[in-house]
Amino acid sequence: MSFAPNQANRATPANPANPDPFAVYFSLNNGLSDTKPSLKRYLTQMKGMYADDAATEALLAQGNPLLYEFHELGITETAGNLAFGTSIVYPGKVGDEYYMTKGHFHTVLDTAEVYYCIGGRGLMLMENPEGEWDAQEFSPGKAVYVPGRYAHRSVNTGTEPLITFYAFRADAGHDYGSIETKGFRKIVVEQGGKPAIVDNPKWA
Ligand SMILES: O=P(O)(O)OC[C@H]1O[C@H](O)[C@H](O)[C@@H](O)[C@@H]1O
Ligand SMILES: [Fe+2]
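Overview of the structure. Nothing here was measured: the structure is a model prediction, and the numbers come from that model. (Residues numbered from 1 in each chain as written. Chains lettered and ligands numbered in written order. Predicted model: local features only at pLDDT ≥ 70, side-chain atom pairs only at ≥ 80, totals over all residues. Heavy atoms only, no water.)

Consecutive residues of a regular strand have side chains that alternate between opposite faces of the sheet. Within strand S3 (residues 82-89), seven of the eight residues are buried, which leaves it mostly tucked inside the rest of the structure. Sheet topology places strand S2 (residues 66-70) next to S3; three bridges connect them, and they run antiparallel. Of the residues in S3, the one forming a bridge with Phe70 is Ser87. For S3 and strand S11 (residues 162-169), the ladder comprises eight bridges, and the chain directions are antiparallel. Note that in S11 the partner of Val89 across the bridge is Leu162. (Buried < 20%, exposed > 50% of the residue type's maximum accessible area, 1.4 Å probe, protein only. Helix = DSSP H or I, 4+ residues; strand = E, 2+ residues; numbered from the N terminus. Pairing = 2+ DSSP bridges.)

See the structure below:
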């Protein structure tokens, strides 16, 4: 009996909501796929989200740096499906504040997400609607569990790209809401040459 990998080895048509079994490559070196395009986030897309607006403007006067990119494979958003991919946050700072993702709550608030760090150093910053917050360290080999109800943001505190693989319930959705305006309670800045978690001056 022969088996051809990466082909549909069955006769029934696919249910449009359930993808056929498939495999996708993400590089362990840079997190990118050889077949799937990434979504890219530049500094202009995060105006006002870093604490130091003057530092943002100064950086924008020199260009528009790529802060992070990630894969969104377009898996149908049902409760039984999983969305997954890699996220790559580049090293750098806006003023003293390390490059980070926008961060979001899940629209279905009580849905968790798991991240597995492939490369780089950083933090997963989390907070729930009650104002409780947490930060977990990313280093290669470390898995971070983000429980339901926690907004989450990846922060690169190192000198290499922070590469993580993530998976979550495909219908969870992204709620940027308050995060886009007042941000998280805490921000991650360089102080005396190392990362420090401090109060966000923009948090009302
Ligand atoms: O959506 P952002 O907060 O900008 O983060 C970008 C992406 O980062 C991670 O990889 C998440 O799992 C994605 O769901 C998210 O969209
Ligand atoms: Fe998420």
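Moving on from the coordinates now.
Here the focus is the site of ligand 1. As a structural note, the neighbourhood of ligand 1 is formed by 13 residues, with Tyr68, Gly103, Glu113, His174 and Tyr176 the closest of them. Take His104: an N or O atom from its side chain is 2.9 Å from an oxygen atom of ligand 1. Within the side chain of Glu113, a nitrogen or oxygen atom sits 2.4 Å from an oxygen atom of ligand 1. Alone, ligand 1 offers 380 Å² of accessible surface; in the complex the protein occludes 97% of this. (Near = heavy atom within 4 Å. Polar contact = N/O pair within 3.5 Å; in protein donor to acceptor, adjacent residues only side chain to side chain. Areas by Shrake-Rupley, 256 points an atom, 1.4 Å probe, with all protein chains shown as cover.)

Glancing now at the sheet that holds strand S1 (residues 39-42). Across a sheet, paired strands are connected by hydrogen bonds in the backbone, their directions being either parallel or antiparallel. Taken in spatial order, the six strands make up an open sheet running S1-S2-S3-S11-S6-S9, and their pairing is antiparallel. The sheet is open, and its two borders are formed by S1 and strand S9 (143-146), each paired with just one other strand. For this sheet, the mean angle separating the axes of adjacent strands, direction not counted, is 20°. (Axes fitted to C-alpha atoms, helices over the stretch in contact; angles between N-to-C directions.)

This brings us to the sheet that holds strand S7 (residues 122-127). Here we have three strands laid out as an open sheet, ordered S8-S7-S10, and antiparallel in their pairing. Among the strands making up the open sheet, the edge pair consists of strand S8 (133-138) and strand S10 (151-156). Along the sheet, successive strands turn relative to each other by an average axial angle of 20°, direction set aside. Relative to S10, S7 runs antiparallel, the two sharing six bridges. Paired with Met126 across the bridge in S10 is His152.

Bringing helix H1 (residues 53-62) into the picture now. Of the residues making up H1, those classed as buried are Ala55, Thr56 and Leu60. Buried residues along H1 cover an arc of 135° about the axis, so they all sit on one side. In H1, those exposed residues whose orientation departs by more than 90 degrees from the buried face are Ala54, Ala61 and Gln62. Where H1 starts, the residue carrying a side-chain oxygen 3.2 Å from the main-chain nitrogen of Ala54 turns out to be Asp52. Phi turns positive one or two residues past the end of H1, at Gly63, with a value near 150°. (Arc of directions from axis to C-beta.)

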